[in-house]
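So you can see what is in the structure, the chains are spelled out below.
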Amino acid sequence: MPDFDLIMYENEFRRIDEELKKLYQQSNANVVFLVDKNGQLIASAGDTSEIDTTSLASLTAGNIAATGGIARLLGEKEFTILFHEGENDNIHISLIGQRVILVVIFDKRSSIGLVRLRVKKASENLLRIFNEISAKSEKKQHEKSLDESPFAEITDEDIDNLFK
Amino acid sequence: MSFINYSSREINCKIVYYGPGLCGKTTNLQFIYRKTNPEQKGKLISLATETERTLFFDFLPLALGDIKGFRVRFHLYTVPGQVFYAASRKLILKGVDGVVFVADSQLERMDANLESMEDLKINLAEQGYELERLPFAIQYNKRDLPTAVPLTEINSAINTDSTPWFEAVATRGSGVFETLKGVAKLVLMELKKNY
Ligand SMILES: Nc1nc2c(ncn2[C@@H]2O[C@H](COP(=O)(O)OP(=O)(O)O)[C@@H](O)[C@H]2O)c(=O)[nH]1
Ligand SMILES: [Mg+2]
């Protein structure tokens, strides 16, 4: 496998959560998301009740993947920031490391300048946390510590139950 | 590359439906969408052209239930089949945990099936995956059509690696959940092996 599975533990999740909340407040955003490059939502801050977060995560990842493909065609490594301006809402999308996508949705209560500034700071902190997670995940996969794993015991019956 | 979240107690797995244009990939997802309870599914998103040909991907998130206290989420994707969407197909395979190859059983689509299978292997290899080592199932779709190649024949032409396979008529839904379950099983067993 080219990559390691991403394993998120309580402690790192809480730190990510705090970082997103801070960004949400300091950038006056409507909502802030963190998405795995494969399209899975990792965490969010702000009012997500009106938003289909799962779809948004998948489409954002598709968007980043497509622009990444365009970048490579042009000989660029990657476009690390995407910005879409709407009539009311704007969306700022940025890549953190090679693996995670940070999405900030904001309106006229904020500004692109402010968002950029706050995203930059938050990115550095998030990158540090994700590097720790990667190191941990990698180690975990090497150790194959079956004793504490909940998945060691998966049975055919468990899987059959999903499809009842 | 599954995403396991111990904090929210979720496992996320990405399953990609691959195959030549018009073999029935989108139809598979549409049937799964129709037959799944509202609380177990998200929106079915189709990035399609005006003629309903898949342009970038279809996406369907499913949360069918729990295993060992973890909510199991499957994210199903289809790829656009036409030859000229090669770049998009590569993108969608990123981070894949399991693949379903949907073959079109019609005799006149045999070349297209083989070509698409080759394309799949090449695209996976480019990202460092080997199809042989990935959870993988084959679906022989359109079994209802008069020009469908007999199963033993199509299987020996396409399935060179004794991969688990399923017959289907996706428009009627027969074989659709069997296929999904088949690949899901392999994906979860892979988790079991690795953790
Ligand atoms: N007769 C028959 N037609 C099918 C079957 N599955 C799909 N189709 C039809 O084949 C066409 C292409 O299907 P679609 O799902 O869009 O193919 P995709 O390009 O692989 O996504 C549609 O008109 C479907 O109704 C099947 O099992 N039998
Ligand atoms: Mg399609």
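Just so you know, these numbers come straight off a predicted model, no measurement behind them. (Residues numbered from 1 in each chain as written. Chains lettered and ligands numbered in written order. Predicted model: local features only at pLDDT ≥ 70, side-chain atom pairs only at ≥ 80, totals over all residues. Heavy atoms only, no water.)

*Asks:* Explain the overall build of chain B here, please?
*Replies:* Within chain B one finds five helices and eight strands. When the helices and strands of chain B are listed from N to C terminus, the series reads β-β-α-β-β-β-α-β-α-β-α-β-α. Taken over C-alpha atoms, the radius of gyration comes to 16 Å for chain B, in line with the 16 Å a tight globule of 195 residues would show. Taking the principal axes of its C-alpha atoms as reference, chain B extends roughly 50 × 35 × 30 Å. Expressed as a percentage of the 195 residues in chain B, the buried residues total 59%. Considering only contacts in chain B between residues 6 or more positions apart, those separated by 24 or more positions represent 68%. Put simply, chain B shows about 8000 Å² of open surface, and 52% of that area lies on carbon and sulfur atoms. Of note, chain B has its 24 positive side-chain charges centred 7 Å away from the centre of its 22 negative side-chain charges. (Helix = DSSP H or I, 4+ residues; strand = E, 2+ residues; numbered from the N terminus. Rg over C-alpha atoms; globule rule 2.2 N^0.38 Å. Buried < 20%, exposed > 50% of the residue type's maximum accessible area, 1.4 Å probe, protein only. Contact = heavy atoms within 4.5 Å. Areas by Shrake-Rupley, 256 points an atom, 1.4 Å probe, with all protein chains shown as cover. Lys, Arg positive; Asp, Glu negative; His and termini not counted. Charge placed at Lys NZ, Arg CZ, Asp CG, Glu CD.)

*Asks:* Got a minute to help me understand the environment of leucine 55 of chain B in this structure?
*Replies:* Residues and elements named next belong to chain B. Checked against the element boundaries, leucine 55 lands in strand E4 (residues 54-67). The exposure class of leucine 55 is partly exposed, given its relative accessible area of 36%. Remark: the alpha-carbon pair of leucine 55 and tyrosine 85, spanning 30 residues in sequence, is separated by 7.8 Å. Contact partners of leucine 55, with chain neighbours within four places excluded, come to Leu47, Ala48, Thr49, Pro80, Tyr85 and Ser88.

*Asks:* Sorry, what's going on with the site of ligand 1 here?
*Replies:* Residues and elements named next belong to chain B. In the vicinity of ligand 1 lie 14 residues, with Leu22, Lys25, Thr26, Thr27 and Asp144 positioned nearest. In this structure, threonine 171 approaches ligand 1 through a side-chain N or O atom, which is 3.4 Å from a nitrogen atom. Considering ligand 1 on its own, with 580 Å² of exposed area, one finds that the protein chains cover 75% of that surface. It is helix H1 (residues 25-35) that contributes the most residues to the shell around ligand 1, three residues altogether. Looking at side-chain class alone, the shell around ligand 1 contains five nonpolar, six polar and three charged residues. (Near = heavy atom within 4 Å. Polar contact = N/O pair within 3.5 Å; in protein donor to acceptor, adjacent residues only side chain to side chain. Nonpolar A, V, L, I, M, F, W, Y, C, P; charged D, E, K, R; others polar.)

*Asks:* What is the right way to look at the interface of chain B and chain A in this model?
*Replies:* Buried accessible area, meaning the area lost when the parts come together, often serves as the stated size of an interface. Of the residues lining the interface, 48 residues belong to chain B; the matching set on chain A comes to 42 residues. When chain B packs against chain A, the two sides together hide about 4300 Å² of surface, and 64% of this comes from carbon and sulfur. Where chain B touches chain A, the interface holds four salt bridges. The partner of aspartate 160 of chain A in a salt bridge is lysine 185 of chain B, with the nearest N and O atoms 3.7 Å apart. Across the contact surface, chain B and chain A share seven residue pairs in polar contact (both at pLDDT 80 or more). Looking at the side of chain B that touches chain A, the elements with two or more residues in it are strand E1 (3-5), strand E2 (10-18), strand E3 (45-48), E4, strand E5 (70-78) and helix H5 (176-194) of chain B. Take the side of chain B that touches chain A: its biggest share by element is eleven residues, from H5 of chain B. For the side of chain B that touches chain A, the residue count by class is 28 nonpolar, ten polar and ten charged. Here three bridges tie strand E1 (residues 6-8) of chain A to E1 of chain B, and the two strands are oriented parallel to one another. (Buried area = accessible area lost by both parts, 1.4 Å probe. Salt bridge = Lys/Arg side-chain N within 4 Å of Asp/Glu carboxyl O. Pairing = 2+ DSSP bridges.)

*Asks:* I would appreciate a short explanation of the pattern of salt bridges in the present structure.
*Replies:* Side chains that differ in sign of charge can pair as their charged atoms come close. Summed over the entire model, instances satisfying the criterion amount to 19 salt bridges over all chains. Here arginine 15 of chain A ties to glutamate 132 of chain A by a salt bridge, and the two come within 2.9 Å at their closest N and O atoms. Taken as a pair, arginine 15 of chain A in helix H1 (residues 10-26) and glutamate 132 of chain A in helix H3 (residues 112-143) lie far apart in primary sequence, 117 residues in all. Note that aspartate 119 of chain B is salt-bridged to arginine 89 of chain B, the shortest N-O span being 2.9 Å. A residue pair is termed long-range when its members are at least 10 positions apart, and aspartate 119 of chain B in helix H3 (residues 110-126) and arginine 89 of chain B in helix H2 (residues 86-92) qualify at 30 residues.

*Asks:* Sorry, what's going on with the packing of H1 of chain B against H5 of chain B here?
*Replies:* Packed helix pairs are specified by the crossing angle of their axes together with the interaxial distance, meaning the distance between the axes. Residue and element names in this part refer to chain B. In contact at an axis separation of 10 Å, H1 and H5 are set at 95° when each is read in the N-to-C sense. As the angle between them shows, H1 and H5 are arranged roughly perpendicular. From H1, Asn28, Phe31, Ile32 and Lys35 reach across to H5, where they touch Val176, Phe177 and Leu180. A per-class count over the contact of H1 with H5 returns five nonpolar, one polar and one charged. (Axes fitted to C-alpha atoms, helices over the stretch in contact; angles between N-to-C directions. Parallel < 35°, antiparallel > 145°, perpendicular 65-115°, else oblique.)

*Asks:* Help me understand helix H4 (residues 151-158) of chain B, please; the structure alone is not making it clear to me.
*Replies:* An α-helix turns once every 3.6 residues. As a result, residues three or four positions apart point the same way. Residue and element names in this part refer to chain B. Turning to H4, its buried residues are Ile154, Asn155 and Ile158. Here the buried residues of H4 occupy an arc of 100° about the axis, which is enough to place them on one side. Exposed residues pointing more than 90 degrees away from the buried face of H4 are listed as Thr152 and Ser156. The secondary structure elements touched by the buried residues of H4 are strand E6 (98-104), H3, strand E7 (136-141) and strand E8 (165-167). (Arc of directions from axis to C-beta.)

*Asks:* In this structure, what is going on with the packing of aromatic side chains? I would like to understand it.
*Replies:* Any pair of aromatic rings gets described here by the distance separating the centres and the angle formed by the planes. Residues and elements named next belong to chain B. Under the defined criterion, the tally for this structure stands at eight aromatic pairs over all chains. For the ring pair tyrosine 6 and phenylalanine 70, a centre distance of 5.4 Å and an interplane angle of 85° mean the geometry is edge-to-face. Here tyrosine 6 is found in the loop between E1 and E2, whereas its partner phenylalanine 70 is found in strand E5, with 64 residues between them in sequence. Each member of the pair, tyrosine 6 together with phenylalanine 70, is buried. Their ring planes at 45° and their centres at 4.9 Å tell us that phenylalanine 59 and tyrosine 77 sit as a pair that is tilted. (Phe/Tyr/Trp six-rings, centres within 6.5 Å; stacked < 30°, edge-to-face > 60°.)

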